[in-house]
Every structure is written in structure tokens, then in C-alpha cells.
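What follows is the residue order along each chain.
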Amino acid sequence: MSAVDRLSVFKTYKLYVGGKFPRSESGRVYEVTDSKGKWLANAPQSSRKDARDAVVAARKAFGGWSGATAYNRGQILYRIAEMLEGRKDQFVREVADAEGLSKSKASVVVDAAIDRWIWYAGWTDKIAQVVGGANPVAGPYFNLSSPEPTGVVTVLAPQESSFLGLISVVAPVIATGNTAVVIASEKSPLPALSLGEVLATSDLPGGVVNVLSGRTAEIAAPLAAHQDVNAIDLAGADDVLAKELEIAAADNLKRVLRPQPVDYNETPGIDRLTAFLETKTVWHPTGSLGASGSSY
């Protein structure tokens, strides 16, 4: 059989939930096209049930992930970057199609995304030193503040930056010990769905990151109102949707990161690392040393 006679094997994209690859519970799909309207693939169109399943998976994974050492989380994030590097050609092709870029420009974007993942991997065991510390108090006590993860975070990935923007909002959430339910770019979900395949073949525990694709507003509404979601990043929402989701999120006092103009090519700083952290403060008596009454 000659190469001319061979039929291409079309890729079936699936959701990534709890470390597995389910189809949408609804059985629905929608067409994904490139910047010129050419059909690329059918992506699963997630339902409210898929969103609830993703929250259950994220909550189940939270204890183990938040309880892991910061050093271990950094090792795992670095391993993900290694896997991304090994599949660079695939992501260059998908980003080029998604964003209408030439292969050379898409390659620059993918390189930047991998570097961004490594950058956040390096912060896992350093952020506590920056935002934590010993507080001066008027009394014989130690007063220590340390950061802790918020919990389950819903992330609306940027709509236009299908890979660099995606990684720029997902990596800081999990670097600090949170778990994530990610809603991929509605128009360009394929890089996000392929990222799920990378996460599954790394050392990241199932459920730490869950990737949904479909209609952003349809999926985000139940997640914003979900009582077991602790925070929401509205990066991929327009002004109207962001306002609706912010109102829904207030019901259980979710942390909300409002959408804002971002150049994802710039060094991100630590704002997204600290956006989904709580501060735990511990008091402890210093005690006395000897008859002189001196203390340490």
C-alpha cells in the first residue's frame, strides 16, 4: 500500500478530568476552525455536569497537592516543562493554526510558554519567603505568617492567547498548591486540550488540573456559583460575563481576580501567585531563659 493510499488518522480531542479523558457527558461537540475558517477538529462541548465532575476531582486532589512540599511541586512543574519541550512541534502547529501565526512566530510563542512554566516552577519554594515572615508584636510571643493555598480555583483561560496566556494563568494557580478547573479558550481550545495530554504523562496527580472546553459562558456560570469552588480567575471573560460571574461568586465569598489588560509576553511578576493565597498567622510564646528573665 503506497503512502498516497493511506488514510489520515484524525485526532479525537477529549476533556481532561480527574486524570482521565472523558468525552463530554452531554455527547456534544463543536467545530473548531483556524483563523481562516478551515476546519481543524471537533472539540467536546462541556456541560454543567462536566463542570461539577471537574470540581469533585479538583477537591479530591487538593489535600495531597497542597500538602506536598513546595520543592516537590517545583519538581513536578519542571517535569511538565520537559514534556512540553518534547512535544514542541505539536504545540507549534496547534498555536499557529489557532492564532493565525507563521510557524516561526508560533515557535517563539511556544518557547516563551515553556519558559514561563519553568519560571513558575522556580517560585514554588520561594514565594513563602517573599510573602511570609515574622511579625513584630508587643509581647513575649513569636508571631509568624505563612501563605497557604486558597483551594479549588476556576480559571477562564484567555480567549486570544491560546497557549502562552493559558500557561500564564494556570501555572501560578497550581504552583502555590491550589487545584484548578480550567475553561479553555472557546475559539481556540486545542492547545489547552493537548496540554491535558502532557499533564497526564507527567508526575502531576490526577485532578490537580482539569481542562474543559466548550461555551465559556455556559460552563463558567455553574462554576462561579458552585459552593465548593473557592476562587475564580476571570481572565477569559468579557466585561458583561465578568460582571455576571462576579455576582454569582459572591454567594460563598469566592476570591475573584478580575479581567485586566495583560501583555503575556512580559515577565509576569508574582501577582498571580499571590492572588490565590491565604495568610495563616500563628502565635507562640517565646518562653523565658534563666532567672534573669531574658527570652529568645
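From a predicted model like this one, the values you see are computed outputs, not experimental measurements. (Residues numbered from 1 in each chain as written. Predicted model: local features only at pLDDT ≥ 70, side-chain atom pairs only at ≥ 80, totals over all residues. Heavy atoms only, no water.)

Q: Sorry if this is basic, but what is going on with the overall build of the protein chain here?
A: Across its full length, the protein chain carries 10 helices and 12 strands. Taken over C-alpha atoms, the radius of gyration comes to 21 Å for the protein chain, in line with the 19 Å a tight globule of 296 residues would show. Within the protein chain, the proportion of its 296 residues that are buried is 47%. Within the protein chain, residue pairs in contact and separated by at least 24 positions form 75% of the contacts whose partners lie at least 6 positions apart. Carbon and sulfur atoms make up 53% of the accessible area of the protein chain, which totals about 14,300 Å². Averaging the positions of the 30 positive and the 32 negative side-chain charges in the protein chain gives two centres separated by 4 Å. (Helix = DSSP H or I, 4+ residues; strand = E, 2+ residues; numbered from the N terminus. Rg over C-alpha atoms; globule rule 2.2 N^0.38 Å. Buried < 20%, exposed > 50% of the residue type's maximum accessible area, 1.4 Å probe, protein only. Contact = heavy atoms within 4.5 Å. Areas by Shrake-Rupley, 256 points an atom, 1.4 Å probe, with all protein chains shown as cover. Lys, Arg positive; Asp, Glu negative; His and termini not counted. Charge placed at Lys NZ, Arg CZ, Asp CG, Glu CD.)

Q: Help me out: how do you make sense of the packing of aromatic side chains in this one?
A: Working definition: an aromatic ring pair is given by the centre-to-centre distance plus the angle between the planes. The final tally for this structure, using the stated rule, is six aromatic pairs. When the ring of Tyr16 is compared with that of Phe21, the centres are 5.1 Å apart and the planes differ by 35 degrees; the resulting orientation is tilted. A relative accessible area of 34% places Phe21 in the partly exposed class. For the ring pair Phe91 and Phe163, a centre distance of 4.7 Å and an interplane angle of 20 degrees mean the geometry is stacked. With Phe91 in helix α3 (residues 88-99) and Phe163 in the loop between β5 (152-156) and α6 (164-175), this residue pair connects regions lying 72 residues apart in the sequence. Both residues of the pair, Phe91 and Phe163, count as buried. (Phe/Tyr/Trp six-rings, centres within 6.5 Å; stacked < 30°, edge-to-face > 60°.)

Q: Help me out: how do you make sense of the nonpolar core in this one?
A: Within soluble globular proteins, side chains that are nonpolar tend to cluster in buried spots. With 61 residues, the main nonpolar core has Leu84, Trp117, Phe163, Ile174, Leu204 and Val209 as its most contacted residues. Looking at this core element by element, the count peaks at nine residues for α6. (Core = buried A, V, L, I, M, F, W, Y, C linked by side-chain atoms within 4.5 Å.)

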